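Chain by chain, the residues:
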Number of protein chains: 4
Amino acid sequence: MEKRNKHQIKRELSFEKLMEASLKIFAEKGYDKASIDDIAKEAGYTKGTFYLHFSSKEELFLKLMDNRLESFKRQYFEVFSYVEDIEESLRRGVALFIELTKKDNWAPIYFEFCVNSMRNPVIKKQMIVHYHSWIDMVTSVLKQLDPFKECEDTQLKELAALIIAIIDGYHLQYSIDPSIADQNRIIQVIIQLLSSFKSGI
Amino acid sequence: MEKRNKHQIKRELSFEKLMEASLKIFAEKGYDKASIDDIAKEAGYTKGTFYLHFSSKEELFLKLMDNRLESFKRQYFEVFSYVEDIEESLRRGVALFIELTKKDNWAPIYFEFCVNSMRNPVIKKQMIVHYHSWIDMVTSVLKQLDPFKECEDTQLKELAALIIAIIDGYHLQYSIDPSIADQNRIIQVIIQLLSSFKSGI
Amino acid sequence: MEKRNKHQIKRELSFEKLMEASLKIFAEKGYDKASIDDIAKEAGYTKGTFYLHFSSKEELFLKLMDNRLESFKRQYFEVFSYVEDIEESLRRGVALFIELTKKDNWAPIYFEFCVNSMRNPVIKKQMIVHYHSWIDMVTSVLKQLDPFKECEDTQLKELAALIIAIIDGYHLQYSIDPSIADQNRIIQVIIQLLSSFKSGI
Amino acid sequence: MEKRNKHQIKRELSFEKLMEASLKIFAEKGYDKASIDDIAKEAGYTKGTFYLHFSSKEELFLKLMDNRLESFKRQYFEVFSYVEDIEESLRRGVALFIELTKKDNWAPIYFEFCVNSMRNPVIKKQMIVHYHSWIDMVTSVLKQLDPFKECEDTQLKELAALIIAIIDGYHLQYSIDPSIADQNRIIQVIIQLLSSFKSGI
DNA sequence: AATGAATGAGCGTTCATTCAT
DNA sequence: AATGAATGAACGCTCATTCAT
């Protein structure tokens, strides 16, 4: 048992280190230019160790995607979960939402996920699953808000998809040239979108 | 002289063909997985010819970016140039704008430009130049519209940047899962944004 | 003492299992493509256990060769040991001999031994020892037969070598294309060879 | 044209060198242990050049097999083609046949072909084709001989297959331990086989 | 202008072997 | 006795780039 545990702990440690390293390397170099050697070395191991944990580069990428996308959803959800009155708290929510994307070098890795999903069907499939799960999350947040409580899910989902698209667009612009991407304006747009949606009902 | 000319013509022809081929191959495979061999073959030449025109893969990529981004701006500008009365024609304009992006497999190559610009400073610099030039173009289109004629350029530029961000966001979503990206809604958002901007003045 | 015994028994068990597994894997994949992992897994153990029993892949191969070649000799000897009257029983003997080679996927592993012995001096040495021991075995069988009782050993050994060569040749042909290797004809050739040898004396 | 020619000549030269080198390396080390690096270096080139000529290691092996097996058939055929009177000249023919196999390090490469054909279906297929073509060759030689002129092809083919099996068996024994493989005896066996076949008609 | 032979560095992956547990 | 984490050398293969023709 004890042995088991020590092995397990070591295993988990090296796995964690490799995941962390791969996040960094993929973000820095992109999927293709990131080599297994780079990743293993960054994690403090050699190539061989990598293949103890992942059967291929693609598998690692998939696992990293899954891990990161899921973790982001969770973080976002926490941010939004205590949003109760509308305007002001939503403003705060969206601001936080946007703030989070700037942490952790999220942009390069996120767009790396996106771009690779456009060409690799396996990655695409996983991307779609996560994207929908985000939409569901945002939908459920909206549903907590008074004005939307009565809305149909389909409508709210469309609204959620729109919000995510806008934030992604802002996000991309911010990555290209932070000096032109104005966080306040994008928040205004989203608030406005919500208001007009309310009144449209 | 004549010979010179024939050579020049041939040279331009092979250059054009290589550019076209590289567009196709980069869109299909992405920067890293596209090989010079692939591109040359697609153009009907061999590797050697490639290096007669481009000193490296990166140079080609830069030239292609320049060429495509410029050409897109031109196409968009044409679309918008005869927009004179507001709402309806703008709707048509934005729709066309969006439609254009779906042609020519533009999405994968565009995001390829974006993602690479996040990592390569030379590419980034060029991307920023083009992005600003797009903003200027959209700004100038807006300026033609009655309600915005009196606006300050700085304000209009912010508006233009916002519009482009939103369209990019829509575009990305469309690339991830076309079934959730609703073109009409995104157009509505932009129209609304314009209206509210007008009334905000 | 008892503990010792238990350990020994376990040790012998795992050794046996590893040998059996290696026979199967080497036959299936050949020496180079068979991995220690494959073999250990097939035996129901892990790599570590393998190195408790064998110091290297080559040592295993050598032990397996020794084991298999010896075991084959024993089996053959049993088959031939009760051959007493000549023609008919010899026919049966040779047929059985050939039949045995088809069992247990013997061909691929046997030729694996042969081919490796052509390149590795250690393996070659062991192969020669066994080959000679086969010749001796066949010689002793021949010596039991009336017509050969008076023959000199050197002569009988030559005959034995010839018989083994012919069977190996048949065996190889059978492995390449079973549809052209005719067991009866090869038996006839051997019978004939024996008759002519007899009359040659 | 001239250019073409020079390129072609260079190409053929490097191809030839690579084939020769691969013959040597495969014979020395066997298929799996022979590395592309080894082969290319032996030929005086680098790995890259190898892949200009062969798309994979397997393709090279297949081409080498085809080339060698065909060339051997041709050599054998030349040896036998002027065999007209029986016994003595056949003796000479078989002797030459056997002699040829000792040249060029044929044994290790031939058994390498055989052993690999037992596990790789593509190689197996090609091996069978060549083997049958050998049988046909030997059959046609036999048919030139007076006693066999009237025989049916099917019968002669069986005889040919038998002869080849016996020679291969001798060949294998010779490779394992030359000191026990007696060339004269194997020739006697074949001659005898032919005589008994004749009288069997 | 165009070809294509040649290079060399690099990559994803495998695997025999070691050793702490 | 058995495990399994870790290594490091190798291997098959790809590809951007160079250069003689």
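Residues numbered from 1 in each chain as written. Chains lettered and ligands numbered in written order. Predicted model: local features only at pLDDT ≥ 70, side-chain atom pairs only at ≥ 80, totals over all residues. Heavy atoms only, no water.

Looking up chain A in an unreviewed UniProt entry gives the name TetR/AcrR family transcriptional regulator, with the organism given as Effusibacillus consociatus.

1. Focus on the interface of chain A and chain B
Threshold: Whether two residues are in contact is decided by their heavy atoms, any of which lying within 4.5 Å being enough. By convention, the term buried area covers the 1.4 Å-probe accessible surface removed from two parts as they join, with the contributions of both added. A carboxyl oxygen of Asp or Glu within 4 Å of a side-chain nitrogen of Lys or Arg is what we treat as a salt bridge. In the analysis that follows, any N or O atom pair within 3.5 Å is treated as a polar contact, provided that within protein one partner can donate a hydrogen and the other can accept it, and provided that, for residues neighboring in sequence, both atoms belong to side chains. For the purposes of this entry, the term helix denotes a DSSP run of H or I that reaches at least four residues, the term strand denotes a run of E that reaches at least two, and both are numbered from the N terminus. Residue classes follow a fixed rule: Ala, Val, Leu, Ile, Met, Phe, Trp, Tyr, Cys and Pro count as nonpolar, while Asp, Glu, Lys and Arg count as charged, and any other residue, Gly among them, counts as polar.
At the junction of the two partners, chain A supplies 43 residues and chain B supplies 43 residues. Overall, the association of chain A and chain B removes approximately 3800 Å² of surface from exposure, summing both partners, and the carbon and sulfur fraction of that is 64%. Counting the contacts that link chain A with chain B gives six salt bridges. The shortest N-O distance in the salt bridge between Arg119 of chain A and Glu112 of chain B comes to 2.3 Å. Seen at the junction of chain A and chain B, the total is 18 residue pairs in polar contact (both at pLDDT 80 or more). Going through the elements one at a time, helix H1 (2–33), helix H6 (106–117), helix H7 (121–144), helix H8 (153–176) and helix H9 (183–200) of chain A are the ones with two or more residues in the side of chain A that touches chain B. At twelve residues, the largest contribution of residues to the side of chain A that touches chain B is made by H8 of chain A. Among the residues forming the side of chain A that touches chain B, the class breakdown is 24 nonpolar, seven polar and twelve charged.

2. A look at the protein's contact with DNA strand E
Cut-off, in case you're wondering: The near set for a molecule or strand comprises every residue that places at least one heavy atom within 4 Å of it.
Surveying the vicinity of DNA strand E reveals 36 residues, the closest of which are Lys47, Tyr51 and Lys57 of chain A, Thr49 of chain B together with Ile36 of chain C. At the protein interface, 67% of the atoms of DNA strand E within 4 Å belong to sugar or phosphate. Within the side chain of Tyr51 of chain A, a nitrogen or oxygen atom sits 2.6 Å from a phosphate oxygen of DNA strand E. Interatomic distance of 3.1 Å between a side-chain N/O atom of Arg11 of chain B and a phosphate oxygen of DNA strand E. Elements with a minimum of two residues in the surface near DNA strand E: H1 and helix H3 (47–53) of chain A, helix H1 (2–29) and helix H3 (47–53) of chain B, helix H3 (47–53) of chain C together with helix H1 (2–29) and helix H3 (47–53) of chain D.

3. Points about the relation of the copies chain D and chain C
Formally: Copies are brought into register by a least-squares superposition over C-alpha atoms of residues with pLDDT of at least 70 in both.
Between the two copies, chain D and chain C, the superposition gives an RMSD of 0.3 Å; the rotation angle is 179° and the shift along the axis is 0.1 Å. Taken together, the turn and the small shift mark the pair as related by a two-fold rotation axis. In terms of C-alpha distance to the rotation axis, chain D has Gly169 of chain D as its closest residue, with the C-alpha 1.8 Å off the axis. Take the interface residues of chain D: 100% of them recur as interface residues in chain C, which is what a same-surface contact looks like.

4. Re the relation of the copies chain A and chain B
Look at the two chain copies: a rotation about an axis and a shift along it is all it takes to match them. Expressed as a screw transformation, the operator carrying chain A onto chain B has a rotation angle of 179° and an axial translation of 0.1 Å, and the superposed copies differ by an RMSD of 0.3 Å. Mapped onto chain B, 98% of the interface residues of chain A again fall at the interface, so both copies present the same surface.

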